[in-house]
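Observations on chain architecture
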Amino acid sequence: MNTKTVLITGTSSGIGLATAVAAARSGWHVIATMRDITKAGALLAAAEEAGAAVDVRALDVTDPASVEACLAGLDRLDALVNNAGAGHVGTLEQESVEDVRAVMEVNFFGVLHVTKAALPLLRASKGRVLTVTSVGGVIGQPFNEAYCAAKFAVEGFMESLAPVAATAGVSVSVVEPGAVASEFVSNVGLADNAVEQAGPYASALSAYLDRTRGAFANAQPAQDVAAQMVDLLAAEQPAFRLLTSDAARAFAGTKLKDLDGSTVQTLTSTWVA
């Protein structure tokens, strides 16, 4: 039986790194991509420690030419994991529309670039797409306006795409973690004096940051999310929505009663049947 191939974006750290290693240990041929392959050291060290091998390739999700170049040499692809993304903290009055566009480019259009390029290969293999979104794609969060807007967009796009892709044999799922122990927060790039610069929003930003530090102090390990994603990759009938922790389920459950997405999928599938 041929080894199945999965391409994972954003594997230099966090969920992407952990998923690449876990999938490789489970027998997948893992194409582990990142924008800057000079940052592959942590991934390669983790893979070696786990006794697994990964195929590291350059891929910038915001650059269609980079996406096409990465996928052009593939003869087969059984699964795509859209994991690459970037956090962003800010509020509209104090940032430019261009700042918001940049967040959308990485977190929304980047997902579209890679998924569009992968779909012909996934149709051929009857494969699947897993996209890491966030509970921030379900519930808007203060000072995460641009980030949540991007994740809401991804959620809506994938929920709409899923029944269409299913008619061609491709399953589509979204993965919604809550707080995860990774470099995600440190990569947000918030200045040390951000509160002092927040003007009329200083008190609110200070309270938000205090709350966020507490949430991430008890964050879910990235390896736990990765294990669930590998199970989803192998599932015979993967659910559309995977909430990765009790905290994520409780939070998203305040808005979603349809936790696995089956009711919506059953309904919208009738639109294309």
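As the structure is a prediction and not an experimental result, all values here were calculated from the model.

Points about the overall build of the protein
Tallying secondary structure elements over the protein gives nine helices and nine strands in all. Relative to the compact-globule value of 19 Å for 273 residues, the protein shows a C-alpha radius of gyration of 18 Å, a close match. Overall, the C-alpha framework of the protein stretches about 60 × 45 × 35 Å when taken along its three principal axes. Evaluated residue by residue, the protein yields a buried proportion of 48% over its 273 residues. In the protein, of all internal contacts separated by at least 6 residues, the share reaching a separation of at least 24 is 72%. Positive and negative charge centroids in the protein, built from 18 and 28 side chains respectively, lie 7 Å apart.

A closer look at the sheet that holds strand β4 (residues 79-82)
The strand order across the open sheet formed by seven strands is β3-β2-β1-β4-β5-β6-β9, and the pairing between neighbours is parallel. Edge positions in the sheet fall to β3 (54-58) and β9 (241-243), since each has one partner strand and no second. Taken over all neighbouring pairs, the strand axes of this sheet differ in orientation by 20° on average, direction set aside. Bridge count for strand β2 (residues 29-34) against β3 is five bridges, and the pairing is parallel. Across the sheet, Met34 pairs through a bridge with Ala58, a residue of β3. Lying on the sheet, helix α4 (residues 97-125) is in contact with β4 and β5 (128-132); it crosses β4 at an angle near 175°.

Here's the deal with the environment of Gln265
Checked against the element boundaries, Gln265 lands in helix α9 (residues 262-269). For Gln265 and Glu159, which are 106 residues apart along the polypeptide, the C-alpha to C-alpha distance reads 7.7 Å.

A short note on a nonpolar patch on the surface
On the surface, Val164, Leu267, Trp271 and Val272 cluster together into a nonpolar patch covering about 430 Å² of accessible area. Position of Trp271 among the secondary structure elements: in the segment after α9.

Here's the deal with empty space enclosed by the protein
Here the structure, examined in full by the defined rule, presents one cavity of 30 Å³ or more. By volume, the largest cavity amounts to about 30 Å³. Lining of the largest cavity is provided by Thr9, Val61, Asn82, Asn83, Ala84, Val106, Gly110, Val111 and Val114. With four residues, α4 is the single largest residue contributor to the lining of the largest cavity. Residues that form the lining of the largest cavity fall into these classes: five nonpolar, four polar and no charged.

Some points on unusual backbone geometry
Although it is not a glycine, Lys126 adopts a positive phi angle of roughly 55°. Secondary-structure assignment places Lys126 in the loop between α4 and β5.

Focus: the packing of aromatic side chains
If you walk through the whole model with that rule in mind, you get three aromatic pairs. Taking the centre distance of 4.9 Å and the plane angle of 65° together, the rings of Phe108 and Phe109 count as edge-to-face. When the centroid spacing of 5.8 Å and the interplanar angle of 45° are considered together, the rings of Phe143 and Tyr208 count as tilted. In this pair, Phe143 sits in the loop between β5 and α5 (145-166) while Tyr208 sits in helix α6 (residues 202-217), placing the two residues 65 residues apart along the sequence.

Side note on the pattern of salt bridges
The final tally for this structure, using the stated rule, is seven salt bridges. For the salt bridge of Glu159 with Arg241, the shortest nitrogen-to-oxygen distance reads 3.4 Å. Remark: Arg241 occurs in strand β9 and Glu159 occurs in helix α5; sequence separation between them is 82 residues. Note on Glu159: relative accessible area 24%, which makes it partly exposed. Here the salt bridges share partners, and the residues they tie into one network are Glu155, Glu159, Glu176 and Arg241.

Focus on the packing of helix α3 (residues 64-72) against α4
Close contact between α3 and α4 brings their axes to 9 Å; oriented N to C, the two are set at 25°. The angle between α3 and α4 falls in the class roughly parallel. Judged by the sense of rotation from one axis to the other, the crossing of α3 with α4 is right-handed. Contact with α3, carried on its side by Pro64, Val67, Glu68 and Leu71, involves His113, Val114, Ala117, Ala118 and Leu121 of α4 and no other residues of that element.

Rules used throughout
- Residues numbered from 1 in each chain as written.
- Predicted model: local features only at pLDDT ≥ 70, side-chain atom pairs only at ≥ 80, totals over all residues.
- Heavy atoms only, no water.
- Helix = DSSP H or I, 4+ residues; strand = E, 2+ residues; numbered from the N terminus.
- Rg over C-alpha atoms; globule rule 2.2 N^0.38 Å.
- Buried < 20%, exposed > 50% of the residue type's maximum accessible area, 1.4 Å probe, protein only.
- Contact = heavy atoms within 4.5 Å.
- Lys, Arg positive; Asp, Glu negative; His and termini not counted.
- Charge placed at Lys NZ, Arg CZ, Asp CG, Glu CD.
- Pairing = 2+ DSSP bridges.
- Axes fitted to C-alpha atoms, helices over the stretch in contact; angles between N-to-C directions.
- Patch = residues over 30% accessible without salt bridge, like charges linked within 9 Å, V, L, I, M, F, W, Y side chains within 5 Å.
- Areas by Shrake-Rupley, 256 points an atom, 1.4 Å probe, with all protein chains shown as cover.
- Salt bridge = Lys/Arg side-chain N within 4 Å of Asp/Glu carboxyl O.
- 1 Å grid on protein atoms, 1.4 Å probe; cavity = no way out; pocket = protein on both sides within 12 Å on 5 of 7 lines; lining within 4 Å.
- Points joined across faces, edges and corners; volume = space filled by probe spheres on them.
- Nonpolar A, V, L, I, M, F, W, Y, C, P; charged D, E, K, R; others polar.
- Phe/Tyr/Trp six-rings, centres within 6.5 Å; stacked < 30°, edge-to-face > 60°.
- Parallel < 35°, antiparallel > 145°, perpendicular 65-115°, else oblique.
- Left-handed = near helix turned anticlockwise from the far one by under 90°.

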